[in-house]
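This is what each chain is made of:
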Amino acid sequence: MSSKTVDHLAMAPWGAGRAARPSSAGATVLVVPGLNGSGPTHWQTIWQIRHPEFRRVEQASWDRPRLGDWASALERAVRRHRRVILVAHSLGCALVAHWARRGSTAGVSSALLVAPADVERPGAPSALRSFAPMPLQPLPFPSWVVASRDDPHATLARARAFADAWGARFLDAGPCGHINAESGHGEWADGEALLEEIRRSGRASPAWRVAGGLEGERT
């Protein structure tokens, strides 16, 4: 990470909330897309259409991400709501991990982190450079990492290592690509069911299994 990026991060108007976790019941779902945003056939977009009360973190540039800019946008979005559940995909997961180190996390009741992109993988796009290295500190809110066994953007071992480091429950989704529209997960009903359980009870079952191969493991 360049010194310019570090300076930008240091000056970002982030809080440092570390209060007791609020309940997930009634929390606003805040969608956090990754590189290039989530198009009309992506499950994040489809979920928002089905649930008009969901909100999205909007970035000024989806194809040229800068960590400081993206984190500031996430901070502003979180501050607009009393309580939020973060639903991140791909680079959005790395964004959440970076932001959580100094953001206003007190209002985050939980996070669903799907197909985290390994920003340090060989051949990673240069656009991801400001997001490296991936933070490996525990997240200050309950989290679930859902990962695929054949995701081209992160090996299963790396995704599991992220979950371990973040203190998140790890969910093995089986061989299903990057869990996006291109891999055939348009509406991704299994993921929506998982989110609904988290919204309703603030947790997922100790051994979560649904059609499609999700299997929960305690980390």
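Residues numbered from 1 in each chain as written. Predicted model: local features only at pLDDT ≥ 70, side-chain atom pairs only at ≥ 80, totals over all residues. Heavy atoms only, no water.

As a further point, take the overall build of the protein chain. When you go through the protein chain residue by residue, the secondary structure sums to 6 helices and 8 strands. When the helices and strands of the protein chain are read in sequence order from the N terminus, they spell out α-β-α-β-α-β-α-β-β-α-β-α-β-β. Counting every position in the protein chain, which comprises 219 residues, the buried fraction comes to 56%. Long-range contacts, defined here as pairs at least 24 residues apart, represent 79% of the contacts in the protein chain between residues at least 6 apart. With an accessible surface of roughly 9,400 Å², the protein chain has 52% of that area assigned to carbon and sulfur atoms. (Helix = DSSP H or I, 4+ residues; strand = E, 2+ residues; numbered from the N terminus. Buried < 20%, exposed > 50% of the residue type's maximum accessible area, 1.4 Å probe, protein only. Contact = heavy atoms within 4.5 Å. Areas by Shrake-Rupley, 256 points an atom, 1.4 Å probe, with all protein chains shown as cover.)

The final tally for this structure, using the stated rule, is 6 aromatic pairs. Between Trp43 and Trp47, the aromatic rings sit 4.6 Å apart at their centres with planes inclined by 50°, giving tilted as the arrangement. Here Trp47 and Trp43 lie together in helix H2 (residues 43-50), a separation of 4 residues that amounts to about one turn. Neither residue differs from the other here; Trp43 and Trp47 are each classed as buried. Measuring from centroid to centroid gives 5.0 Å for Trp43 and Trp188, while their planes differ by 55°, and the two rings are tilted. Linking Trp43 in helix H2 with Trp188 in the loop between strand S6 (169-172) and helix H6 (189-201), this pair joins segments that are 145 residues apart in sequence. On the accessibility criterion, Trp43 (0% relative accessible area) is buried. Members of the aromatic cluster, connected to one another through ring pairs, are Trp43, Trp47 and Trp188. (Phe/Tyr/Trp six-rings, centres within 6.5 Å; stacked < 30°, edge-to-face > 60°.)

Of all hydrophobic cores here, the largest spans 41 residues; its most connected members are Leu74, Leu86, Leu113, Phe141 and Trp166. Of all elements in the fold, only strand S1 (28-32), helix H3 (67-79), strand S3 (84-89), helix H4 (91-99), strand S4 (108-114), strand S5 (143-147) and helix H5 (156-166) reach the threshold of two or more residues within this core. Discounting residues that sit within four places of it in the chain, Leu113 has contacts with Ala88, Cys93, Val96, Leu139, Ser143, Trp144, Val145, Val146 and Trp166. Ala27, Leu112, Leu171 and Ile179 belong to the second-largest nonpolar core, a separate cluster that totals 21 residues. (Core = buried A, V, L, I, M, F, W, Y, C linked by side-chain atoms within 4.5 Å.)

Functional significance is not addressed by these values, which are geometric in nature.
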